[in-house]
Amino acid sequence: MRLVLLGPPGAGKGTQAQILVETYDIPQLSTGDMLRAAIKAETPLGLEAKAIVDRGDLVSDTIVSGIISERMDEPDCANGFILDGFPRTIAQAESLDDMLDAKGLKLDAVVEIKADPEILIERIINRARETGGARADDNEDVLRKRLVVYNEQTAPLVSFYAKQGLLRSVDGMKPIDEVTASIKAAIE
Ligand code: AMP
């Protein structure tokens, strides 16, 4: 199973991805997690990405496409993967199509987790409180920026994947287990 989870920041992509990992026994590939790990380890990539991630902008398409392509070649991706936070631009979606073609693979579905932006802001503020500010990009100003970036650069992927016949949309404002159930129903 090869899935993409699409949705604004705070919609629950990461939470749902972690549940689906258990159900389908395939890994979650989160470019956000990979970038945060690189920033923490102060690798050359991390040093380049830090300021961009901290202000809520997008890291370059070439960088994230490169890290995803390499990650997909790891043995644990042989039976599939869940892409969480990638692609985020049309250019990334096109590069994903190219890399899958080159590897002889296809996506099974793209799940859009729909969510109300104002409620997302509340959720993120709570997440920042619960984690004691573990993520520098979890504050209201940066979140608003990330939502604008989502609407401008990522939302166009909804029609991109609808045209490919891959889009499945679910209501992300329901309780976690109901969202999981709708995702499973949409992809099976
Ligand atoms: P996330 O954990 O998916 O919310 O990502 C956190 C931050 O990492 C984003 O706000 C971006 O700065 C960066 N990032 C994650 N994934 C991507 C991507 N596919 N393209 C560009 N930047 C990304």
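That block above? That's the structure.
Worth saying up front: this structure is predicted, and the values here are computed from it rather than measured. (Residues numbered from 1 in each chain as written. Predicted model: local features only at pLDDT ≥ 70, side-chain atom pairs only at ≥ 80, totals over all residues. Heavy atoms only, no water.)

Draft legend 1. Focus on the overall build of the protein. When its secondary structure is counted, the protein shows 9 helices and 5 strands. Going residue by residue from the N terminus, the α and β elements of the protein occur as β-α-β-α-α-α-β-α-β-α-α-α-β-α. For 188 residues, the compact-globule estimate of 2.2 N^0.38 gives 16 Å, and the C-alpha radius of gyration of the protein, at 16 Å, lies within 12% of that figure. Projected onto the principal axes, the alpha-carbon positions of the protein cover approximately 40 × 40 × 30 Å. Here the protein holds 188 residues, and the buried ones make up 43% of them. Here the contacts in the protein between residues at least 6 apart in sequence split such that 75% fall between residues at least 24 apart. Within the structure as shown, the protein displays about 9,300 Å² of accessible surface, and the carbon and sulfur contribution to it stands at 51%. (Helix = DSSP H or I, 4+ residues; strand = E, 2+ residues; numbered from the N terminus. Rg over C-alpha atoms; globule rule 2.2 N^0.38 Å. Buried < 20%, exposed > 50% of the residue type's maximum accessible area, 1.4 Å probe, protein only. Contact = heavy atoms within 4.5 Å. Areas by Shrake-Rupley, 256 points an atom, 1.4 Å probe, with all protein chains shown as cover.)

Draft legend 2. The arrangement of the packing of helix α4 (residues 61–72) against helix α5 (residues 90–103) in detail. Taken N-terminus to C-terminus, the directions of α4 and α5 make an angle of 30°; their axes are 10 Å apart at the nearest point. Here α4 lies roughly parallel to α5, going by the angle between them. For the pair α4 and α5, the crossing hand works out as right-handed. Of α5, the residues touching α4 (which contributes Asp-61, Val-64, Ser-65, Ile-68, Ser-69 and Met-72) are Ala-91, Gln-92, Ser-95, Leu-96, Met-99, Leu-100 and Lys-103. Tallied by class, the residues present in the contact of α4 with α5 amount to 7 nonpolar, 4 polar and 2 charged. (Axes fitted to C-alpha atoms, helices over the stretch in contact; angles between N-to-C directions. Parallel < 35°, antiparallel > 145°, perpendicular 65-115°, else oblique. Left-handed = near helix turned anticlockwise from the far one by under 90°. Nonpolar A, V, L, I, M, F, W, Y, C, P; charged D, E, K, R; others polar.)

Draft legend 3. Summary view of the pairing of strand β1 (residues 2–6). Judged by how many residues are buried, β1 sits mostly within the fold: 5 of 5 residues are covered. Of the two faces of β1, the one lined by Arg-2, Val-4 and Leu-6 and the one lined by Leu-3 and Leu-5 are each fully buried. Taken together, the 4 bridges between β1 and strand β3 (residues 81–84) define a ladder with parallel strand orientation. The residue of β3 that forms the bridge with Leu-5 is Asp-84. Here β1 runs beside strand β4 (residues 109–114); their pairing, made up of 4 bridges, is parallel. Paired with Leu-6 across the two strands is Glu-112, which belongs to β4. (Pairing = 2+ DSSP bridges.)

Draft legend 4. Expanded view of the site of the ligand. For the ligand, the set of nearby residues contains 16 residues, the closest of which are Thr-31, Arg-36, Asp-57, Gly-85 and Gln-92. Within the side chain of Thr-31, one N or O atom sits 2.7 Å away from a nitrogen atom of the ligand. One of the backbone nitrogen or oxygen atoms of Gly-85 is found 2.9 Å away from a nitrogen atom of the ligand. The fraction of the free accessible surface of the ligand (480 Å²) that becomes covered by protein chains is 96%. Tallying contributions element by element places helix α2 (residues 31–40) first for the shell around the ligand, with 4 residues. (Near = heavy atom within 4 Å. Polar contact = N/O pair within 3.5 Å; in protein donor to acceptor, adjacent residues only side chain to side chain.)

Draft legend 5. Region of interest: the pattern of salt bridges. Applying the stated criterion across every chain, the model contains 10 salt bridges. Here Asp-57 makes a salt bridge to Arg-55, at a shortest N to O gap of 2.6 Å. Looking at Asp-57, the relative accessible area reads 25%, which means it is partly exposed. The partner of Asp-171 in a salt bridge is Lys-174, with the nearest N and O atoms 3.6 Å apart. Here Asp-171 falls in the partly exposed class, since its relative accessible area comes to 36%. Through salt bridges with shared partners, a single network forms among Arg-55, Asp-57 and Lys-145. (Salt bridge = Lys/Arg side-chain N within 4 Å of Asp/Glu carboxyl O.)

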